[in-house]
Amino acid sequence: MTTPENSKPTPRRGMKQFFRQRIVAQIAVGVAGLCVCGAVLIGLAVALTWPNLPALHAMTDYRPSVPLRIYTADGELIGEFGQEHRNVVPFDQIPDVMKHALLAAEDDDFYEHGGIDWMGMARAMVTNLLHMSKSQGASTITMQAARNFYLSSEKTYLRKFYELLLTFKIESELTKDQILELYMNQIYLGHRSYGFEAASRTYLGKPLAEVTPAEAALLAGIPKAPSRSNPITNLDRAVTRQHYVLGRMQALGYLTPEQAQQAREQPLKIRGSGGAGDNELNARGEYPAELARQIIYDLFQDGAYTRGIDVYTTIDSKAQRAAYQAVRQGVLDYTRRAAYPGPEGQVELPPGIEEDVQAFEEVLDNVQDEHPDRADLLTGVVLSASPSEVVVARSAKDIVKVSDKKSLAVIARALSPRAKEQLRIQRGSIVRLHQTGDHWEILNTPTVQAALVSLAPQDGAIRAMIGGFDFYSGSFNRTTQAFRQPGSTIKPFVYAAALERGLTPATQISDQPFVLTNGSRTWAPKNDGNDYQPMQTLRQALYRSKNMVSIRILQAITPQYAQDYLTRFGFEKNRWPAVLPLALGAGGATPLQVADAYAVFANGGYHVPPYLISKVTDRAGNVLMQAQPVTAGDETARAIDPRTAWVMDDMLRGVASKGTGARAGRTLKRSDLGGKTGTTNDAVDVWFAGYTPELATAVWMGFDQPKSLGSNAFGSGLALSTWLDYSKPVLKNMPEQPRRARPDGLLVADGEYYFTEFPPGQAVAALDLPTGDQLTDFLNNMRPADNSPTQVRPMEGGENGMSQVAPPSAGNQVPLAGTVPQPPSAQVHPAAPVAVAPASPPVAPAASQPSRENYLPPGVRNEALAIPIPQAPPPAR
């Protein structure tokens, strides 16, 4: 039954439908108009923008910024400096597995599309509209290349518009292979690595040509998030991405299922992670690399970092590794024996946080940011601690247990329930882990420092240089910049000066206590262990490092003469005051200067200045600079009488076989070793300088802010141990060298050596004890055995004076400085003239090269590749 209500709605529905259709039509017309306007606007934008797009010179004439690289003498890379670490590789030299991995990860349709993936772009636009953000893109390899060469990575629609236009332009002017080659050499891949060749060396320590499918997939996964997902910063994320890439390679047919699975299971050896493939800058040459960088910067300024300069140093990679290990072991051994100072810090660990992996990892990440790993000293957080075991977390999955009894003994006082709060190891303590053999130990970052430098006595080529425990804790190079008191390592040079003034190895010298006062000041040096003998020969005194004898020798030859004499070996005169404490090492020298000075005894008496850089080339191999070092045998480099060098070498070999350095001879079982220990007052500095005819090496250990190393610290212990740890592997394959022939002008009597002008009976036989009268003492102390006049020679330049001091008895007051006239009866023999060695090895200009003018600034073609002691190093990049 039809009601009135049911019969009325029909006209109303028709009206509504009419208006609805009319609105839809109006909207359609509006949208069409907008589309037309949009198309017109886009057309106008393209028409106006296209002519202003940059030319593709940066891509078609590709000349990237190439960094400065530093190599060892045997070709290992030890340093790379520049804003961009890059190795440009031609397309045909990029392995196919790397190309396939990249295409699978970034753009599998690269060879099919015209530069833009329209479906991917539409999908990204919808996602961004839904989330009201610009978080997702759909960049192809060509679009990324356009951005990398010409645009920023800012996510704006305007930048995207320019990117699209540049993409079309690139695709129209370059082939696909050219685009892919440029992309693979230009893309940033984290840790200042640009291009896949540089990334392969940075993360894997190998050239790109050697990568496996697993490693190629790992590298191909980096471009998506190079700073967050590279294998050094976050290996877990990198591996997750790697597995995704391997799956894509399998799906695209680049790998079989078996190959993909094998790649997933392949262990990854990441450089910088402490694994077996960890090169750690290859030979651990950070210190010499930094020094070479400073030298090259002085020559080329900022161009050094962009022009692709290669620097080849004199460093031997095997010797450098041995030096690094020796210094590190020596410092850690000292640290183990020292009192444990307590954890490096403390964090709050709520109960059960280990079960919440994400929260726990966040805590550990924050700790790692503030306390980064230092080479093999790894940061960890203590989960539990007891006297029998300490459990430490490196990550949520990497848990280390320290339970070795010897290791626990080092930190025993920090595990006691009665330990003070700042000392106690407890839950949340931040500690350093170190693996020794098959067990772990807890050691804090050492505060003691050490330095080792080793060079070839024949030409001064530096073979190894370690300037401190950890370069990355501060690049201060103690081998060249730390002037420390060398203690008894200076004595051989005082003794050498004495030989040239008439003393002999057989001269008898008083070893009785010595006291010198000057007003209210008293100087009362002591022998080690307060051991004194009535008399010692000069040879015996050197073997036993007798302080009293050394002081009396310096009295006889005068401090002024010794001060000048030291400069023949490369020491700086202004750092060696002409006072009696000079005999005990009261001056300043760097480890490099000490090694350089001992090389004079090793090479027969020539001072050959050390040098670090052998040649400099451009990336094409053209030689820009070539060192021409001074060599032993060049008489212009003669520093001391060859007889003096031979006799001192003979005595220093005795020190290394039966004296304070006898452990060197016993351990290495070589007869061609010479050397000397050194320990300063209160063991503030300890040294050992030793050499063979092929290698001179100095080791120093101490604190940067001088303080005692402890009552049991000696050069014959700490420093000699480090020297031996270095020398054992380095000298292993160096055959023992025969003695040089005894030079003319030496006599042998009763098993001892004499200069012909000072034969037995005329040479100084004894430096006697005092009588109380200074002039009488002077005459008596210089008296030869046959009572003939004194034969001690004066300083060069005709200075007629001897030190005022015969050793006074207790209570006598004698000035610290002053001279008395030489008695008229003295027969003075002038010292033999010695040619001064050049200050630094000259550099010969390379053979003429067309590109030379492009590299060398004006005036530097003959610059010496010398070793500076920089006060303010140039900026590193």
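What you see is a predicted model; the values in this text were computed from it and never measured.

Draft legend 1. View of the overall build of the protein. When its secondary structure is counted, the protein shows 29 helices and 28 strands. Considering the protein as a whole, with its 877 residues, one finds that 51% of them fall into the buried category. Pairs at least 24 apart in sequence give 70% of the contacts found in the protein among residues at least 6 apart.

Draft legend 2. A look at the pairing of strand E13 (residues 462-466). Burial within E13 is extensive, with four of its five residues counted as buried. Bridge count for strand E12 (residues 449-455) against E13 is four bridges, and the pairing is antiparallel. For Val 453, the partnering residue across the bridge sits in E13 and is Met 465.

Draft legend 3. Focus on helix H14 (residues 286-300). Here H14 contains 15 residues, and its C-alpha end-to-end distance of 20 Å stays within 8% of the 21 Å for a straight helix at 1.5 Å per residue. By the criterion of burial, H14 is predominantly enclosed, with 14 of the 15 residues buried. Where H14 terminates, the next one or two residues include Gln 301, which has phi positive at roughly 55 degrees.

Draft legend 4. Examining the environment of Arg 336 more closely. For Arg 336, the location among the structural elements is in helix H15 (residues 317-337). Taking the C-alpha atoms as reference, Arg 336 lies 9.4 Å from Pro 446; in sequence the two are 110 residues apart. When sequence neighbours within four positions are dropped, the list of residues in contact with Arg 336 reads Gln 329, Val 410, His 434, Thr 436, Glu 441 and Leu 443. Reaching out from Arg 336, the side chain makes a polar contact with the side chain of Glu 441 at a distance of 2.7 Å.

Draft legend 5. Quick peek at the packing of helix H4 (residues 96-106) against helix H11 (residues 235-251). The contact between H4 and H11 brings their axes to 8 Å, and the two run at 100 degrees. As summarised for this structure, H4 and H11 are arranged roughly perpendicular, according to the angle between their axes. Residues Val 97, His 100, Ala 101, Ala 104, Ala 105 and Glu 106 of H4 form the contact with H11, whose own contacting residues are Arg 241, Val 245, Arg 248 and Met 249. In terms of residue class, the contact of H4 with H11 is built from six nonpolar, one polar and three charged.

Draft legend 6. Inspection of unusual backbone geometry at higher detail. For Ala 683, which is not glycine, the phi torsion reads 55 degrees and is therefore positive. Relative to the helices and strands, Ala 683 resides in the loop between strand E20 (674-679) and strand E21 (685-692). Within the chain, Asp 750 stands out as a residue other than glycine whose phi angle is a positive 55 degrees. Within the secondary structure layout, Asp 750 lies in the loop between strand E23 (746-749) and strand E24 (752-755). Residue Asp 750 is classed as exposed on the basis of its relative accessible area, which comes to 84%.

Draft legend 7. Broad picture of the pattern of salt bridges. Overall, the coordinates contain 34 salt bridges when judged by the stated rule. The shortest N-O distance in the salt bridge between Lys 573 and Asp 564 comes to 2.7 Å. Assessed through its relative accessible area of 41%, Lys 573 is described here as partly exposed. The partner of Arg 670 in a salt bridge is Asp 672, with the nearest N and O atoms 3.0 Å apart. The class of Arg 670 is buried, set by a relative accessible area of 14%.

Draft legend 8. Layout of the pairing of strand E11 (residues 439-442). In this sheet, E11 lies alongside strand E10 (residues 429-436) in antiparallel orientation, the contact comprising four bridges. When the sheet's bridge partners are listed, Leu 433 is paired in E11 with Ile 442. Where E10 folds back on E11, the antiparallel hairpin that results is connected by two residues, among which Gly 437 adopts a positive phi of roughly 65 degrees.

Draft legend 9. Broad picture of the nonpolar core. Phe 571 and Phe 601 are the most contacted members of the largest nonpolar core, which totals 97 residues. In this structure, Phe 601 is in contact with Pro 492, Phe 493, Ala 496, Phe 569, Ile 640, Ala 645, Met 648, Asp 649, Leu 652, Tyr 691 and Arg 740, ignoring residues within four places of it in sequence.

Draft legend 10. Just the side chain of Asp 511, in detail. Position of Asp 511 among the secondary structure elements: in the loop between strand E14 (508-510) and strand E15 (516-518). On the accessibility criterion, Asp 511 (0% relative accessible area) is buried. A distance of 2.8 Å separates a polar side-chain atom of Asp 511 from the backbone nitrogen of Gln 533. For Asp 511, the side chain forms a polar contact with the side chain of Lys 546, separated by 3.4 Å. Beyond its immediate chain neighbours, meaning those up to four positions away, Asp 511 contacts Asn 527, Asp 531, Tyr 532, Gln 533, Pro 534, Met 535, Gln 536, Lys 546, Met 548, Val 549 and Arg 552.

Draft legend 11. Geometry of the sheet that holds E12. One open sheet holds the five strands; their spatial order is E13-E12-E22-E21-E20, and the pairing between them is antiparallel. A single partner strand is all that each edge strand has here, and the edge strands are E13 and E20. In this sheet, adjacent strand axes meet at a mean angle of 5 degrees when their direction is disregarded. Against the sheet, helix H25 (residues 642-658) contacts E20 and E21, and its axis sits at roughly 65 degrees relative to E20. In the packing of helix H27 (residues 715-731) onto the sheet, the strands contacted are E12, E13, E20, E21 and strand E22 (695-702), and the crossing angle to E21 comes to about 30 degrees.

Draft legend 12. A negative patch on the surface, seen in detail. Judged by side-chain charge, Glu 362, Asp 365, Asp 369 and Glu 370 come together as a negatively charged surface patch. Note that Glu 362 resides in helix H16 (residues 357-370).

Draft legend 13. Looking closely at H25. Its 17 residues place the ends of H25 24 Å apart at the C-alpha level, agreeing with the 24 Å of an ideal helix rising 1.5 Å per residue. Burial analysis of H25 places 14 of its 17 residues in the buried class, which makes it a mostly covered element. The backbone nitrogen of Arg 643 has a side-chain oxygen 2.7 Å away, supplied by the residue at the start of H25, namely Asp 641.

Draft legend 14. Geometry of the sheet that holds strand E25 (residues 766-767). Strand order in the open sheet formed by three strands is E17-E14-E25, with mixed pairing between adjacent strands. Because the sheet does not close on itself, it has two edges, and the strands there are strand E17 (535-537) and E25. Note that E14 and E25 share two bridges and pair parallel. Across the sheet, residue Gln 508 finds its bridge partner in E25, namely Ala 766. Along the sheet face, helix H22 (residues 547-557) touches E14, E17 and E25 and points at about 105 degrees away from the line of E14.

Draft legend 15. Focus on the packing of aromatic side chains. Applying the stated criterion across every chain yields a total of 19 aromatic pairs. Considering the side-chain rings of Phe 471 and Tyr 472, the 5.3 Å spacing of their centres and the 90 degrees angle between planes classify their relative orientation as edge-to-face. The class of Tyr 472 is partly exposed, set by a relative accessible area of 45%. Among the aromatic side chains, those forming a connected cluster through ring pairs are Phe 493, Tyr 561, Tyr 565, Phe 569, Phe 571, Trp 576, Tyr 598 and Phe 601. When the ring centre of Tyr 312 is taken as reference, the NZ or CZ atom of Lys 615 above it lies at 5.2 Å.

Draft legend 16. The arrangement of the environment of Val 410 in detail. With respect to the secondary-structure elements, Val 410 resides in helix H17 (residues 405-410). Exposure remark for Val 410: the relative accessible area of 18% places this residue in the buried category. As a C-alpha pair, Val 410 and Arg 336 span 74 residues in sequence and 6.2 Å in three-dimensional space. Those residues in contact with Val 410 that lie beyond four places of it in its chain are Arg 336, Tyr 340, Ile 442 and Leu 443.

Draft legend 17. Seen up close, the confidence of the model for the protein. Averaged over the protein, the pLDDT score is 79; the fraction of residues at 70 or greater is 73%. Here residues 132-136 scores under 50 on pLDDT; set against residues more than four positions off or in separate chains, the count is 11 contacts. Considering only residues more than four positions removed or in separate chains, one finds that residues 273-281, a stretch of pLDDT under 50, has 15 contacts.

Draft legend 18. Seen up close, the packing of helix H20 (residues 491-499) against H25. In contact at an axis separation of 10 Å, H20 and H25 are set at 135 degrees when each is read in the N-to-C sense. Considering the angle they form, H20 stands oblique to H25. Read as a crossing pair, H20 and H25 show a hand that is right-handed. Contact residues: Pro 492, Tyr 495, Ala 496 and Leu 499 in H20; Thr 644, Val 647, Met 648, Met 651 and Leu 652 in H25. For the contact of H20 with H25, the residue count by class is eight nonpolar, one polar and no charged.

What counts and how
Each chain has its residues counted from 1, following the order in which its sequence is written. Since the coordinates come from a predicted model, pLDDT governs what is reported: local features require at least 70, and pairs of side-chain atoms require 80 or more to be given and counted, while whole-chain, interface and lining totals use all residues. Side-chain figures throughout are based on the complete set of non-hydrogen atoms in the structure, without hydrogens or water. Helix and strand definitions here come from DSSP, where helices need a minimum of 4 consecutive H or I residues and strands a minimum of 2 consecutive E residues; each element is numbered from the N-terminal end. When a residue's accessible area, from a 1.4 Å probe over protein chains only, is under 20% of the maximum for its type it is buried; when over 50% it is exposed; and in between it is partly exposed. Contact criterion: two residues are considered in contact whenever any of their non-hydrogen atoms come within 4.5 Å of each other. Paired strands, in this sense, are two strands between which DSSP finds at least two bridges. One less than the residue count of a helix, multiplied by 1.5 Å, gives the span that helix is expected to have. Whenever a nitrogen or oxygen atom comes within 3.5 Å of another N or O atom, the pair is scored as a polar contact, on the condition that within protein one atom can donate a hydrogen and the other can accept it, and that pairs from neighbouring residues in sequence are kept only if both atoms are in side chains. Helix axes are fitted to C-alpha atoms over the stretch in contact, other axes to C-alpha atoms as well, and angles between N-to-C directions run from 0 to 180 degrees. Note on angle classes: values under 35 degrees are labelled roughly parallel, values over 145 roughly antiparallel, values of 65 to 115 roughly perpendicular, and the remainder oblique. Amino acid classes used here: Ala, Val, Leu, Ile, Met, Phe, Trp, Tyr, Cys and Pro are nonpolar; Asp, Glu, Lys and Arg are charged; the rest, including Gly, are polar. Any carboxyl oxygen of Asp or Glu within 4 Å of a side-chain nitrogen of Lys or Arg constitutes a salt bridge here. What is meant by a nonpolar core is a set of buried Ala, Val, Leu, Ile, Met, Phe, Trp, Tyr and Cys residues, joined one to another through side-chain atoms within 4.5 Å. Only residues whose relative accessible area exceeds 30% and that take part in no salt bridge are eligible for patches, with like-charged residues grouped when within 9 Å of each other and nonpolar side chains (Val, Leu, Ile, Met, Phe, Trp, Tyr) grouped when within 5 Å. Note on areas: Shrake-Rupley, 1.4 Å probe, and residue coverage restricted to the protein chains presented here. Counted as positive: Lys and Arg. Counted as negative: Asp and Glu, with His and the chain ends omitted from the count. Working definition for charges: the position is that of NZ of Lys, CZ of Arg, CG of Asp or CD of Glu. Each Phe, Tyr or Trp ring, with Trp reduced to its six-membered ring, pairs with another whose centre is within 6.5 Å; inter-plane angles below 30 degrees give stacked pairs, above 60 give edge-to-face pairs, and intermediate values give tilted ones. Whether a charge lies above a ring is judged from NZ of Lys or CZ of Arg, which has to be within 6 Å of the ring centre and within 35 degrees of the ring normal. Per-residue confidence from the prediction method is given by pLDDT, with values spanning 0 to 100. Here a crossing is taken to be left-handed if its near helix is turned anticlockwise relative to the far helix by less than a right angle, and right-handed if that turn runs clockwise.

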